[in-house]
Amino acid sequence: MGLPREEYIASGHRACAGCGEILTIRHVLKASGKNTIVVNATGCAEVVTTPYPQTAWKIPWVHSAFENIAAVASGIDKGLECRGIRDKINLLAIGGDGASFDIGFGSLSGAIERGHKFTYIATDNEAYMNTGIQRSGATPLFANTTTSPAGKKIHGKIEPKKPLPLIVAAHGVSYVATISIADLPDLYAKVKKALKAEVVSFLHAFCPCVPGWKYPSSKTIEIAKKATATGVFPLYEIENGILKFTRKPAKLEPVNNYLKMQGRFKHLSQSEIRQIQNYVKERYNFLLSVENSKCFDTLFK
Amino acid sequence: MNKKMKITKGAVIKEPGSTVKYKTGSWRTFRPVIDYEKCIRCGLCWSQCPDMAIEKKGNKFVINYDYCKGCGICAENCPVKAIKMVREEK
């Protein structure tokens, strides 16, 4: 398939069977190559890859807390600069959705504002999966989690998902993109572009989670494909302030094709599915309306 | 955990990729089996394995059962349906 054969993450890691997050990281590292340093926030990726005294990483890897991933990456960025080897090294900050959307958002925002240079990858599995499926800022509308349980009072999470890529783009960074494991050529192209950026670049990765989303482990790729086909997770990039779709389905499938594959949405009524459909459509139409326009251009430094 | 294990300074792990010592193959309830008569060697299964348990040996893709957790992504997405999931029996 023309993908690099070298692996930078080893077998024997403790991720669940069919993990979408490890698969994403595997390909991001392949695209980034061996001269890479990874800063990894607490979360699934950290816990499953480093059961002390073992590690699955074959490249330098630093563990940080939820809240300071971007701050640690900023320090490494400056450290490498002082040693005069910054240009030779790709610096990746990998955080889950808890670390990126909620807890570590402040340090991410700060690092962007200070103009550091690294690539931030938010591996989004839409809840705190590592600690047992608690809702996060990334959990979509009406998803059933342990802290937004579907019952008589509420039908899953009552708030919609935070639009993090757009929030990051509003900081005026030069490269923001969404990536999905269902589309590897697109993923490789975007990671390569992100690594070339002179300031913080941001990638939002869609990572289906088998135990959290409650679907059979073999459907990981299919769910990611459906998410793009239904418009739930559109693939786009914002380069120098201009938004472009990199994959545009000719016609969006009904969102129910995506929802019905997952146990976390099985409690939904028809009217709730319609609400989600409207919500997804509105968001998608918004992105279409700003495509190719200079919407983020004025914010871009 | 081994009682005699010494904790390194800063919990530094000095051996990269050392999780290979832990065989995750025992997690499996279904094992993927490739039918090489049907296989077109496209490598899609290799690219979609979250456990890096499919390796290219010569011009063949071979499953490493030491690490395969039996998720079934490879069998689900094989374009020519050359991979079957077979129940593990003792």
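Scroll up to find the structure.
Residues numbered from 1 in each chain as written. Chains lettered and ligands numbered in written order. Predicted model: local features only at pLDDT ≥ 70, side-chain atom pairs only at ≥ 80, totals over all residues. Heavy atoms only, no water.

Chemist: Can you walk me through the sheet that holds strand β6 (residues 201-206) of chain A in this structure?
Modeler: Adjacent strands of a sheet pair through backbone hydrogen bonds, lying either parallel or antiparallel. All names here are of chain A. Spatially, β2-β1-β3-β4-β6-β5-β7-β8 is the arrangement adopted by the eight strands of the open sheet, whose pairing is mixed. With partners counted over all chains shown, the strands left at the sheet margins are β2 (61-64) and β8 (242-247), one partner each. Neighbour-to-neighbour, the strand axes of this sheet turn through a mean angle of 20°, independent of strand direction. When strand β4 (residues 119-124) meets β6, the two strands line up parallel, connected through six bridges. When the bridges of β6 are listed, Thr119 appears paired with Ser201. Packed on one face of the sheet, helix α7 (residues 184-196) meets β3 (90-96), β4, β5 (175-180), β6, β7 (235-239) and β8 and runs near 155° to β5. (Pairing = 2+ DSSP bridges. Helix = DSSP H or I, 4+ residues; strand = E, 2+ residues; numbered from the N terminus. Axes fitted to C-alpha atoms, helices over the stretch in contact; angles between N-to-C directions. Contact = heavy atoms within 4.5 Å.)

Chemist: What exactly am I supposed to notice about the packing of aromatic side chains here?
Modeler: The relative placement of two aromatic rings is captured by the distance of their centres and the angle of their planes. All names here are of chain A. Inspection of the entire model under this criterion finds eight aromatic pairs over all chains. Taking 5.8 Å as the distance between ring centres and 15° as the angle between the ring planes, the aromatic pair formed by Tyr120 and Phe202 counts as stacked. On the criterion of sequence distance, the pair formed by Tyr120 in strand β4 and Phe202 in strand β6 is long-range, its members being 82 residues apart. Assigned by exposure class, Tyr120 and Phe202 land together as buried. Here the aromatic residues Phe206, Trp213, Tyr215 and Phe233 are joined through ring pairs into a cluster of three or more. The ring centre of Trp213 lies 4.0 Å from the NZ or CZ of Arg264, which sits over that ring. (Phe/Tyr/Trp six-rings, centres within 6.5 Å; stacked < 30°, edge-to-face > 60°. Buried < 20%, exposed > 50% of the residue type's maximum accessible area, 1.4 Å probe, protein only. Lys NZ or Arg CZ within 6 Å of the ring centre and 35° of its normal.)

Chemist: I would appreciate a short explanation of the interface of chain A and chain B in the present structure.
Modeler: Note: interface size is frequently given as the accessible area lost on complex formation between the parts. Between chain A and chain B, the residue contacts involve 38 residues of the former and 37 residues of the latter. Summed over both partners, the interface of chain A with chain B comes to about 2,900 Å²; 61% of that surface belongs to carbon and sulfur atoms. At the junction of chain A with chain B, the criterion picks out one salt bridge. Across the pair Lys219 of chain A and Glu76 of chain B runs a salt bridge, and its minimum N-O distance is 3.1 Å. Where chain A meets chain B, there are 21 residue pairs in polar contact (both at pLDDT 80 or more). For the side of chain A that touches chain B, the secondary structure elements donating two or more residues are α1 (20-32) and α9 (220-229) of chain A. Of the residues forming the side of chain A that touches chain B, the biggest block, five residues, is contributed by α1 of chain A. (Buried area = accessible area lost by both parts, 1.4 Å probe. Salt bridge = Lys/Arg side-chain N within 4 Å of Asp/Glu carboxyl O. Polar contact = N/O pair within 3.5 Å; in protein donor to acceptor, adjacent residues only side chain to side chain.)

Chemist: Looking at this model, I keep getting lost on the pairing of strand β1 (residues 36-41) of chain A. Mind explaining?
Modeler: Consecutive side chains along a regular strand alternate between the two faces of the sheet. All names here are of chain A. For β1, the tally of buried residues reaches six of six residues, placing the bulk of the element in the interior. By the alternation rule, side chains of β1 split into Thr36, Val38 and Asn40 and Ile37, Val39 and Ala41, which are all buried. Where β1 meets β3, five bridges bridge the pair, whose relative direction is parallel. Bridging across to β3, Thr36 finds its partner in Asn90. Judged from the four bridges that link them, β1 and β2 form a sheet pairing that is parallel.

Chemist: Which parts of the structure should I look at to understand the pattern of salt bridges?
Modeler: When their charged atoms lie close together, side chains carrying opposite charge are able to pair. Residue and element names in this part refer to chain A. This structure, assessed with the given rule, holds 22 salt bridges over all chains. Between Arg264 and Glu126 there is a salt bridge whose closest N-O contact spans 2.8 Å. Here Glu126 lies in the loop between β4 and α6 (164-169) and Arg264 lies in the loop between α10 (256-259) and α11 (270-290), a separation of 138 residues in the sequence. Of the two residues examined, Arg264 and Glu126, each falls in the buried class. For Glu222, the salt bridge goes to Lys219, with nearest N and O atoms at 3.8 Å. Taking the relative accessible area as the measure of exposure, Glu222 reaches 26% and is therefore partly exposed. Using a relative accessible area of 24% as the deciding quantity, one classes Lys219 as partly exposed.

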